[in-house]
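Each chain, written out:
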Amino acid sequence: MKSRKAEILYSVYSLLQYHQGIGVTDYPLGGAVTSFLEAADATQLVGPDIREIPQESQNLQNIEDVPPTRRTSITYEGIAGEVCSCTGCVLHAKRLSVVPGVGSTRHPKLLIVGGWLVEEQGDSLPEGSIFGGEEDGMVSRMLAAIHLSPEEAFITNVVKCTIPGDCHPDHENINTCFSFLKQQIQVLKPEIICTMGIVAAKALVKNSQSLSQLRGKLYSFTLSERETIPVIPTYHPTFLLANPEFKRATWEDLQIIAKYLKLEKDK
Ligand code: SF4
């Protein structure tokens, strides 16, 4: 029978393996990690009981040796399944729902990325809502305006959990969830990405400028040494609903997308 130490070690191994699978390779040295490291004596934890862990689970050091193609292949459905059962950050405890995204999962022309969805008490958001009831309607109209059908786009958020208004994701939560978005981009391979709002712009453009400075230009998101995808930041529909005077600037950004995708005006 496995001892308690072996069970703990096996759980840690499973968690690390899961994190590696979703692309988490670095851990911020927050308070919890520091206290754990101070309190834990690894030499006590990794004692002779390690022999009790099944043989195939002992090759911790060999994970990197396995060619990516021999690891579980990443599919959109696989990522969506992981998102739906994710407990990777503290937000899972407060989430009201979790939405991997909606739209075409086969090389969409456009990937739209927002920050996160807030659901206030009394809201009755339709299932699969990404930015909110009115906001999703606005995104549909934007797509129609540039002659792009909903089947040619995929829409998602950087933070996949829908949370209550009093909950504000921090840098750590955003970083953890960003690994899902990175994998989605790798699998979907959209032709162009449009970030809506500052959270998504900062996550993908990695630039500390304000959104008004960032918008209106194309940037590159690096997928691999040989692959980059153009990114255009613009305003979030929630911001546009409150500040309609910024719709003109967003329309100009949409025109850049239409031009890049060579969308016909009279399609
Ligand atoms: Fe997982 Fe993202 Fe939800 Fe955090 S916000 S629990 S990382 S799905």
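Residues numbered from 1 in each chain as written. Predicted model: local features only at pLDDT ≥ 70, side-chain atom pairs only at ≥ 80, totals over all residues. Heavy atoms only, no water.

Two aromatic rings are characterised by how far apart their centres lie and by the angle between their planes. Following the criterion strictly, the structure yields five aromatic pairs and no others. Relative to Phe221, the ring of Phe178 has its centre 6.5 Å away and its plane inclined at 85 degrees; by these criteria the two rings are edge-to-face. Taken as a pair, Phe178 in helix α6 (residues 171-188) and Phe221 in strand β7 (residues 219-222) lie far apart in primary sequence, 43 residues in all. Its relative accessible area of 8% is what places Phe178 among the buried residues. Since its relative accessible area comes to 6%, Phe221 is described here as buried. Cluster of aromatic residues (ring-pair linked, three or more members): Tyr235, Phe239 and Phe246. Sitting above the plane of the Phe178 ring, Lys206 keeps its charged end 4.6 Å from the centroid. (Phe/Tyr/Trp six-rings, centres within 6.5 Å; stacked < 30°, edge-to-face > 60°. Helix = DSSP H or I, 4+ residues; strand = E, 2+ residues; numbered from the N terminus. Buried < 20%, exposed > 50% of the residue type's maximum accessible area, 1.4 Å probe, protein only. Lys NZ or Arg CZ within 6 Å of the ring centre and 35° of its normal.)

So, on to empty space enclosed by the protein. Here the structure, examined in full by the defined rule, presents two cavities of 30 Å³ or more. Estimates place the volume of the largest cavity at around 110 Å³. Every residue lining the largest cavity is counted, 15 residues in all, and those nearest its centre are Cys86, Cys89, Cys161, Cys177 and Phe180. Top element by residues in the lining of the largest cavity is α6. It accounts for four residues. Along the lines of polarity and charge, the residues of the lining of the largest cavity split into nine nonpolar, four polar and two charged. A volume near 40 Å³ is recorded for the second largest cavity. Val99, Leu117, Ser129, Ile130, Asn157, Val159, Lys160, Cys161 and Thr162 together form the lining of the second largest cavity. (1 Å grid on protein atoms, 1.4 Å probe; cavity = no way out; pocket = protein on both sides within 12 Å on 5 of 7 lines; lining within 4 Å. Points joined across faces, edges and corners; volume = space filled by probe spheres on them. Nonpolar A, V, L, I, M, F, W, Y, C, P; charged D, E, K, R; others polar.)

This part takes up the site of the ligand. The local shell around the ligand consists of Cys86, Gly88, Cys89, Leu91, His92, Arg95, Val159, Cys161, Thr176 and Cys177. The cavity that encloses the ligand is the largest cavity. Grouping the constituent residues of the shell around the ligand by class yields six nonpolar, three polar and one charged. (Near = heavy atom within 4 Å. Sits in = over half its atoms within 2 Å of the grid points.)

Those residues of helix α4 (residues 76-84) lying buried are Tyr76, Ile79, Ala80 and Val83. On an axial view of α4, the arc spanned by its buried residues comes to 100 degrees, and they lie on one face. Those residues of α4 that are buried are in contact with β1 (97-98), β4 (153-157) and α6. (Arc of directions from axis to C-beta. Contact = heavy atoms within 4.5 Å.)

Relative orientation of the contacting elements α4 and α6 amounts to 165 degrees, with a least axis distance of 10 Å. Our classification of the angle between α4 and α6 gives roughly antiparallel. The chirality of how α4 crosses α6 is left-handed. Note on element contacts: α6 touches α4 through Phe180, Gln183, Gln184, Val187 and Leu188, opposite Tyr76, Ile79, Glu82 and Val83. Of the residues belonging to the contact of α4 with α6, the class tally is six nonpolar, two polar and one charged. (Axes fitted to C-alpha atoms, helices over the stretch in contact; angles between N-to-C directions. Parallel < 35°, antiparallel > 145°, perpendicular 65-115°, else oblique. Left-handed = near helix turned anticlockwise from the far one by under 90°.)

Time to look at the confidence of the model for the protein chain. In this model, the protein chain carries a mean pLDDT of 81, and residues with pLDDT of at least 70 account for 71%. Note on residues 17-25: pLDDT under 50 across the span, and 16 contacts to partners over four residues away in sequence or across chains. Confidence over residues 40-71 falls short of pLDDT 50; this stretch has 28 contacts with residues more than four positions distant or in other chains. (pLDDT = per-residue confidence, 0-100.)

All right, on to the nonpolar core then. The biggest cluster of nonpolar side chains holds 62 residues, and the ones touching the most others in it are Leu110, Ile112, Ile185 and Ile257. When residues of this core are assigned to their parent elements, the largest contribution, seven residues, is made by α6. Here Ile112 is in contact with Phe131, Val139, Leu143, Phe154, Ile155, Thr156, Cys194 and Met196, once residues within four sequence places are set aside. (Core = buried A, V, L, I, M, F, W, Y, C linked by side-chain atoms within 4.5 Å.)

Before going further, it helps to spend a moment on helix α7 (residues 198-205). Spacing of three or four residues puts side chains on the same side of an α-helix, whose turn is 3.6 residues. All buried positions along α7 are accounted for by Ala200, Ala201, Ala203, Leu204 and Val205. For α7, the arc enclosing every buried residue in end-on projection is 170 degrees, short of the 170-degree limit, so these residues lie on one face. Looking at the buried side of α7, the elements it contacts are β3 (110-114), α6, β6 (192-196), α8 (211-214), β7 and β8 (228-234). In the stretch just after α7, Lys206 is the one whose phi turns positive, near 55 degrees.

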